[in-house]
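Fold and geometry: a report
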Amino acid sequence: MATSRRRAPQPTPRRHAGRGVVKPTLMRHSAKIGAGQTGLRIMVLSGPNLDRLGRREPSIYGTATLEDIHRRLEAVAQEQGASVDCRQSNHEGDLLDWIGQAADGAAEGILINPGALTHTSYALYDAVRSALIPTIEVHLSNPYAREEFRRKSVVVPACLGSVAGFGAVSYQLALLGLIDHLRTMAQSRPIVSGTRQP
Ligand code: DQA
C-alpha cells in the first residue's frame, strides 16, 4: 500500500438518472478522488438483497455492510489512482441500465455482484456481453459450495473472471484484478506516431 500519497478530499456522492427504489446514502458512493480525469473509472454494481448486508445471514455473508464495502473500495481505488462508482439496486432493470451507462462511456470496467440474479438472469448475461468492457463477477460467499441452484452462474460466461468466497474482501480482490487487467491492456496497445491507439 502506498503511504506517500497525499490524502485527497472526501468524495462527493454523485447522483444519476437510474430508476428504482434507492437509498441515496447507501446506493450511491462515488469516489473520483485521486483519479483525475484520466484515471480508470470502475462501476461497482450490487444486486438484490445486498443492501441488507450486515444484517443478512452474517454467518454466510459477514458483518460488513455494503456501505463498509464501498468505503473500502473507494480507499483501494484511491491508492491505485482509480475511482469507483458504487451502486446497488433490488431491481434488475436498474442493473441493466447501469451496465448500459458503463458501456456508453461512464466506466472502463465493471464489478458486479448480481445476487440471486446470478443464477437466473439471461438479461444480465446479454447486457454484460454486449457492454464490451471488462467485467468481473463478485460473490461474498462461495456459491459453488452451497445449494445446488447457486452452483451455476448464467452471467459469468460473459465476464472476464470471477472472485468468490472471500467475504467483503472479494470486492477488493476483484477491483485490484480488474485495474491490473485494464492497465495491462492499455500498455499492450500499439503506439503509432507517438499516440497510443484506442
Ligand atoms: C451472493 C450469492 C448468491 O447466491 C446470493 O443469492 C446472494 C449473494 C454472494 O455474494 O455470495 O445474494 O451473490
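Numbering of residues starts from 1 in every chain and runs along the sequence as written. Since the coordinates come from a predicted model, pLDDT governs what is reported: local features require at least 70, and pairs of side-chain atoms require 80 or more to be given and counted, while whole-chain, interface and lining totals use all residues.

1. A few points about the overall build of the protein chain
- Helix numbers and strand numbers start at the N terminus; a helix is a DSSP run of H or I with at least 4 residues, a strand a run of E with at least 2. Within the protein chain, the regular secondary structure consists of 6 helices and 8 strands.
- Order of helices (α) and strands (β) in the protein chain, N terminus to C terminus: α-β-β-α-α-β-α-β-α-β-β-α-β-β.
- The burial label depends on the number of other C-beta atoms within 10 Å of a residue's C-beta. Counts of 20 or more mean buried, 12 or fewer mean exposed, and intermediate counts mean partly exposed, with C-beta atoms placed from the backbone. Relative to its 198 residues, the protein chain shows a buried fraction of 36%.
- Taking contacts inside the protein chain between residues at least 6 apart in sequence as the whole, the part at least 24 apart equals 75%. C-beta atoms are first placed from the backbone for all residues, and any pair lying within 7 Å is then listed as a contact.

2. Let's talk about the pairing of strand β5 (residues 135-139)
- A large share of β5 lies buried, amounting to 5 of its 5 residues.
- Pairing between two strands requires that DSSP report at least two bridges joining them. Where strand β4 (residues 109-113) lies against β5, 3 bridges are found, and the strand directions are parallel. Opposite I110, over in β5, you have T135 as the bridge partner.
- Each parallel crossover has a hand, and for β4 linked through helix α5 (residues 122-131) to β5 it is right-handed.
- As paired strands, β5 and strand β6 (residues 161-164) are joined by 4 bridges and run parallel to one another. With the strands aimed away from the viewer, a crossover counts as right-handed if its path from the first strand over the helix to the second runs clockwise.

3. Focus on the pairing of strand β3 (residues 83-88)
- Counted residue by residue, β3 has 6 buried out of 6 residues, so it is predominantly covered.
- Here β3 shows two buried faces, one formed by S83, D85 and R87 and the other by V84, C86 and Q88.
- Bridge count for strand β2 (residues 41-46) against β3 is 6 bridges, and the pairing is parallel. Opposite L45, over in β3, you have R87 as the bridge partner.

4. Description of unusual backbone geometry
- A positive phi angle is found at E57, which is not glycine, with a value near 35°.
- On the secondary structure map, E57 appears in the loop between β2 and α2 (58-61).
- Backbone geometry places L132, a non-glycine residue, at a positive phi of 60°.
- The residue L132 is located in the loop between α5 and β5 in this model.

5. Structural notes on the site of the ligand
- Around the ligand, the neighbouring residues are N49, N113, G115, A116, T118, H139, L140, S141, P143 and R150.
- Here the residues of the shell around the ligand are counted per class, giving 3 nonpolar, 6 polar and 1 charged. Working rule for contacts: place C-beta from the backbone, and if it is within 6 Å of a molecule or strand, that residue counts as near it. Amino acids are sorted into nonpolar (Ala, Val, Leu, Ile, Met, Phe, Trp, Tyr, Cys and Pro), charged (Asp, Glu, Lys and Arg) and polar (every other residue, Gly among them).

6. Concerning the environment of L45
- Within the element layout of this structure, L45 appears in strand β2.
- Judged by C-beta crowding, with 24 C-beta atoms within 10 Å, L45 ranks as buried.
- Counting along the chain gives 40 residues from L45 to D85, while the straight-line C-alpha distance between them is 8.4 Å.
- Every residue in contact with L45, bar those within four places of it in the chain, is listed here: R87, L95, W98, I110, L111 and I112.

7. Quick word on the environment of T120
- Mapped onto the secondary structure, T120 falls in the loop between β4 and α5.
- T120 gets classed as partly exposed once you count the C-beta atoms within 10 Å, which come to 15.

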